Amino acid sequence: MSLVVALKRIFKLPVDRPQLLVAQAAALSRQVPLLYSVVFVSAVTLAATHLRSAPIWLTVGATTVLGLACGYRTFNWWRSRHEPMNPERARRMLTSTIRSAYLMAAAFTAWSLALFPYGDAYSRSQVGFFMAITVCACILCLMHLPVAALIIVALALGPMVLFFWSTGQEVFQATAVNVALVGVAMVFMLFKHYREFTDLIASQTENTRLANHDSLTQLPNRRRFFLELDSRLSEARRVGGALVVGVVDLDGFKPVNDAFGHATGDRLLVEVAQRLRDVPEPALFVARLGGDEFGLIIDRTIDDAELLRFGKAICDLMQTPFDLPGVVAQIGCSVGFCPFPTGGENAQQLFERADYALYHAKQNLLGGDAVVFDGRHEAEIRELSQVDQAMFRADLEHEMSIAFQPIYDLGAERTVAFEALARWTSPELGVVPPGIFIRAAERSGQITEVTPILLRKALRAAVNWPMDMRIAINLSARDIASMDTVRNLVAIVQESLIAAHRIDFEITETAIVCDFEQARDALLALRELGARTVLDDFGTGHSSLSHVRLLPIDKLKIDASFVADIIHHQASEDIVKTVLELCRNMRLGCVVEGVEIDEQLTKIRDLGATEVQGYHFAKPMPETEVSGYLANESRARNGAAKRPSRHREKVLAAG
Ligand code: C2E
Ligand code: CA
Ligand code: CA
């Protein structure tokens, strides 16, 4: 590096490299007390030997002023020692150190040289020694701020050398040469040390950058997101400001990744990141949290209505097709927001709540929704955590039971299976609906304990049923999330008295979206056992068709929501019709669930459904009622065989 560049690098504060600025200030501030003590104590010793010979203002007067100046600087340092160092503070501190270096070096030189004429030969040598050694100490203390060190060399060492040389006295001239040489060596060392220091900080900065960046999208990563959130939250708390935490989750990313390969998936994520970066909101901070999940911080006050519009705009942005090499990908996204301070207090809570809002956004059938965390969600969370607590204390083996709901075959005109539905009566909370406690157990992870208990109970009940009666068992995402839990379920089936081929395992799409590969392995293991696999709540998840194509699935269960408005909504009818056709083409079984009334049944029957389930036939019933129900059904069938009737199902329902 040329000298000019080196000098430039040294004389300019590195304001463009904030990390270096902060490191310099931090290193320097550790030396401040040492620096001023050395200067002050050395000055006192020099003044002491000149007390009798020099005027009092030059000895006592000058050292008092110096003492006050050093004391003032040290006090300032001491007072602010706990303040966090940021680039702005570092810049202020370094600038003021440079300014005081000019002042102190000039005063120091003037003072020392002013004392020179008063002493005898010994004292004059002491002045030389004092100047040289004190300047060396200052240079060492100022190693991290070379510009200040150079100022001292120029304003103290330079004049001293010239002055001593100009005395014409041999010993002083020799001293001057000595000091000049040492000075040059020190400046050389100073440059070298500073270069090493800047290199070290540069490599640390690079390491920090790597640790805080997502290498695929070049966005800040999860770690950085939380660091940023923490620091912006402290600032918001300090000034009484507001901010919003957002979580964006892509819908339909996995299928693109699975179908077109990881390179295309990566490309898509890069494009998504770019679109998020380009969102015209100056106060927005975007990070990639992992997978297809992105974190947002909106660093300003923003009301719920505006926030929802903002979220919707992001969803629209993601729904615009992505033109990737070889394929145009159509995805969507859901967004959850949680505002500070109204929605939560700390980073963890805000994030969890934004995630909770996201979970709600994902429930939206059509996808592409934004939800802001509110009081309703808070009540839900409180309820869930109460349920969590109660469940951890519960004796699940005794408190849990199973209700069975028939699945009816319209062709065979009889019940062909029962779905096992969990029931829990808690001594603390009373009857808790499965929609609540299953979800709580899924969140807390306790589901992996609950499912085996339920499975054993369900299989034990089925022992008393006719040999051709099937049983449908619901599994959660966690149940199939590891092969260990799957093997455990397989073992329970093998130990039971029920043949595996009589079992249908129902799995929701969301369970599959979590980890596609693992889900496929789990489904294969269940199939290998001899059981069948059912995709539950079909149509409520995303990109269902690709799942059906890529997974070992035997049957689909069309979600009740489509049946609920099949009478009034053509779209629902079309969906049911399409799915039924799809099942016929792909030779998949199909159950239509949630059939409540005659009109729905008629419509569904016309569309070609065979297996149906719903309150129209029977509500879930306790184990003890199953045999009576089946007996009623066969009685009604036999009776009906003799008396042709259009309303057999009604009779069954009454039974
Ligand atoms: P699901 O698997 O979709 O079960 C069907 C739900 O719809 C049951 O609610 C059932 O009682 C209800 N249902 C049946 N017919 C009708 C109808 O005609 N109209 C209406 N409106 N609803 C009907 P339930 O028992 O409250 O269960 C709710 C959910 O809890 C289940 O939905 C399932 O996701 C979960 N669940 C229940 N038992 C278990 C279990 O043992 N393990 C797991 N992992 N999840 C379970
Ligand atoms: Ca089910
Ligand atoms: Ca279902």
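Residues numbered from 1 in each chain as written. Chains lettered and ligands numbered in written order. Predicted model: local features only at pLDDT ≥ 70, side-chain atom pairs only at ≥ 80, totals over all residues. Heavy atoms only, no water.

A separate point is the overall build of the chain. Helix and strand counts for the chain come out as 25 helices and 17 strands. Whereas a compact globule of 655 residues would reach a radius of gyration of roughly 26 Å, the chain reaches 39 Å, over 25% beyond that. The principal-axis extents of the C-alpha atoms in the chain amount to approximately 140 × 55 × 45 Å. Relative to its full complement of 655 residues, the chain shows a buried share of 49%. Here the contacts in the chain between residues at least 6 apart in sequence split such that 70% fall between residues at least 24 apart. Counting only carbon and sulfur atoms, one obtains 58% of the accessible surface of the chain, whose full area is about 31,600 Å². Averaging the locations of the 66 positively and 74 negatively charged side chains of the chain gives two centres separated by 6 Å. (Helix = DSSP H or I, 4+ residues; strand = E, 2+ residues; numbered from the N terminus. Rg over C-alpha atoms; globule rule 2.2 N^0.38 Å. Buried < 20%, exposed > 50% of the residue type's maximum accessible area, 1.4 Å probe, protein only. Contact = heavy atoms within 4.5 Å. Areas by Shrake-Rupley, 256 points an atom, 1.4 Å probe, with all protein chains shown as cover. Lys, Arg positive; Asp, Glu negative; His and termini not counted. Charge placed at Lys NZ, Arg CZ, Asp CG, Glu CD.)

Okay, the coordination of the calcium ion (ligand 3) next. Six octahedral donors around a metal ideally sit at 90 or 180 degrees from one another, while four tetrahedral donors ideally sit at 109.5 degrees. Every protein donor of the calcium ion (ligand 3) is listed here as Asp 536 (OD), Asp 537 (OD), Glu 593 (OE) and Glu 593 (OE), and their distances to the metal cover 2.1 to 3.1 Å. In this structure the calcium ion (ligand 2) is found 4.0 Å away from the calcium ion (ligand 3), and Asp 536 serves as a bridging donor for the pair. (Donors = N, O, S within 2.8 Å, 3.2 Å for Na, K, Ca; no water.)

The coordination sphere of the calcium ion (ligand 2) contains the protein donors Glu 419 (OE), Asn 474 (OD1), Glu 506 (OE) and Asp 536 (OD), at a distance range of 2.1 to 2.3 Å. Read in sequence order, the donor residues coordinating the calcium ion (ligand 2) give the pattern E-x54-N-x31-E-x29-D. Residue classification places Glu 506 among the buried positions, given a relative accessible area of 2%.

Right, let's get into the packing of helix 2 (residues 18-49) against helix 5 (residues 121-141). Packing of helix 2 against helix 5 brings their axes to within 9 Å, and their N-to-C directions diverge by 175°. Taken as axis vectors, helix 2 and helix 5 run roughly antiparallel relative to one another. Facing helix 2, whose interface residues are Leu 28, Gln 31, Leu 34, Leu 35, Val 38, Val 39, Ser 42, Ala 43, Thr 45, Leu 46 and Thr 49, helix 5 presents Gln 126, Val 127, Phe 130, Thr 134, Ala 137, Cys 138 and Cys 141. Here the contact of helix 2 with helix 5 is composed, by residue class, of twelve nonpolar, six polar and no charged. (Axes fitted to C-alpha atoms, helices over the stretch in contact; angles between N-to-C directions. Parallel < 35°, antiparallel > 145°, perpendicular 65-115°, else oblique. Nonpolar A, V, L, I, M, F, W, Y, C, P; charged D, E, K, R; others polar.)

With that settled, the discussion passes to the site of ligand 1. The local shell around ligand 1 holds 20 residues, among which Gln 405, Ala 422, Arg 423, Glu 596 and Tyr 615 are the closest. Within the backbone of Ala 422, an N or O atom sits 2.9 Å from a nitrogen atom of ligand 1. Between ligand 1 and Asn 474 there is a distance of 3.1 Å, counted from an oxygen atom to a side-chain nitrogen or oxygen. Burial of ligand 1 by the protein chains amounts to 78% of its free accessible area of 790 Å². Mapped by element, the contributors of at least two residues to the shell around ligand 1 are strand 9 (414-426), helix 15 (434-444), strand 11 (470-475) and strand 13 (532-538). Broken down by element, the residue count for the shell around ligand 1 peaks at four residues, all from strand 9. Partitioning the shell around ligand 1 into residue classes produces nine nonpolar, five polar and six charged. (Near = heavy atom within 4 Å. Polar contact = N/O pair within 3.5 Å; in protein donor to acceptor, adjacent residues only side chain to side chain.)

The next thing to look at is unusual backbone geometry. For the peptide bond that leads from Phe 340 to Pro 341, omega is 5°, which places it in the cis range. Of note, Pro 341 is situated in the loop between strand 6 (332-340) and helix 12 (347-363). Even without a glycine there, the phi angle at Gln 218 is positive, about 65°. Mapped onto the fold, Gln 218 is located in the loop between helix 7 (170-212) and helix 8 (222-239). Given a relative accessible area of 43%, Gln 218 falls into the partly exposed group. One non-glycine residue, Glu 413, lies in the positive phi region at around 55°. Along the chain, Glu 413 falls in the loop between strand 8 (400-409) and strand 9.

With that settled, the discussion passes to the nonpolar core. Core analysis: the biggest nonpolar cluster contains 110 residues, and Phe 225, Phe 404, Ile 471, Leu 556 and Val 612 have the highest contact counts within it. Two domains share this core, each providing at least three of its residues, namely domain 2 (222-373) and domain 3 (400-650). Look past the residues within four positions of Phe 404 in its chain and what remains in contact with it is Phe 418, Glu 419, Ala 420, Ala 458, Ala 461, Trp 465, Ile 471, Lys 619, Pro 620, Met 621, Glu 623 and Val 626. Counting residues in hydrophobic clusters, the runner-up holds 62 residues, among them Leu 58, Ile 98, Cys 138 and Val 187. (Core = buried A, V, L, I, M, F, W, Y, C linked by side-chain atoms within 4.5 Å. Domains from an automatic or database assignment.)

The sheet built from five strands is open, its strands ordered 2-3-1-6-7 with mixed pairing. The sheet is open, and its two edges are formed by strand 2 (284-290) and strand 7 (370-372), each paired on a single side. On average, each strand axis in the sheet is tilted by 20° relative to the strand beside it, whichever way the strands run. On top of the sheet, helix 8 reaches strand 1 (243-251), strand 2, strand 3 (293-298) and strand 6; it is set at about 145° to strand 2, its chief contact. (Pairing = 2+ DSSP bridges.)

Residue position: Gln 24 is located in helix 2. On the basis of relative accessibility, which here comes to 2%, the residue Gln 24 falls in the buried class. Apart from residues lying up to four places away in sequence, Gln 24 is in contact with Pro 14, Leu 94, His 144, Leu 145, Pro 146, Tyr 194 and Phe 197.

Another aspect to go through is the domain arrangement of the chain. Structurally, the chain comprises domain 1 (2-211), domain 2 (222-373) and domain 3 (400-650). Computed from C-alpha coordinates alone, the two centres of domain 1 and domain 3 are separated by 82 Å.

The subject of this paragraph is the side chain of Gln 446. Along the polypeptide, Gln 446 turns up in the loop between helix 15 and helix 16 (447-462). Among all residues touching Gln 446, those that are not within four sequence positions of it are Met 391, Phe 392, Leu 396 and Ala 441.

On to the environment of Leu 582, then. You can see Leu 582 is positioned in helix 22 (residues 570-585). Along the sequence, Leu 582 and Lys 457 sit 125 residues apart, while their C-alpha atoms lie 34 Å from each other.

Scanning all chains against the criterion turns up 29 salt bridges. For the salt bridge of Glu 378 with Arg 353, the shortest nitrogen-to-oxygen distance reads 3.9 Å. In this pair, Glu 378 is assigned in helix 13 (residues 375-393) and Arg 353 in helix 12, connecting sequence segments 25 residues apart. When the shortest N-O distance is used, the salt bridge between Glu 506 and Lys 557 registers 2.6 Å. Separated by 51 residues along the polypeptide, Glu 506 in strand 12 (residues 503-508) and Lys 557 in strand 14 (residues 555-558) bring together distant segments of the chain. For the residue pair Glu 506 and Lys 557, the accessibility class agrees, reading buried in each case. A single network of salt bridges, built from pairs that share partners, joins Arg 224, Glu 228, Arg 232 and Asp 299. (Salt bridge = Lys/Arg side-chain N within 4 Å of Asp/Glu carboxyl O.)

Our focus in this paragraph is a nonpolar patch on the surface. Taken together, the side chains of Leu 51, Ile 56, Trp 57 and Val 60 define a hydrophobic patch exposed on the protein surface, amounting to about 440 Å² of accessible area. Topologically, Val 60 is positioned in helix 3 (residues 56-79). (Patch = residues over 30% accessible without salt bridge, like charges linked within 9 Å, V, L, I, M, F, W, Y side chains within 5 Å.)

A regular strand places its side chains so that they alternate between the two faces of the sheet. Counted residue by residue, strand 15 (residues 589-593) has four buried out of five residues, so it is predominantly covered. Note: strand 14 against strand 15, four bridges, orientation parallel. In the sheet register, Lys 555 faces strand 15, and the bridge partner there is Gly 589. Where strand 15 and strand 16 (residues 611-613) come together, three bridges link them in parallel fashion.

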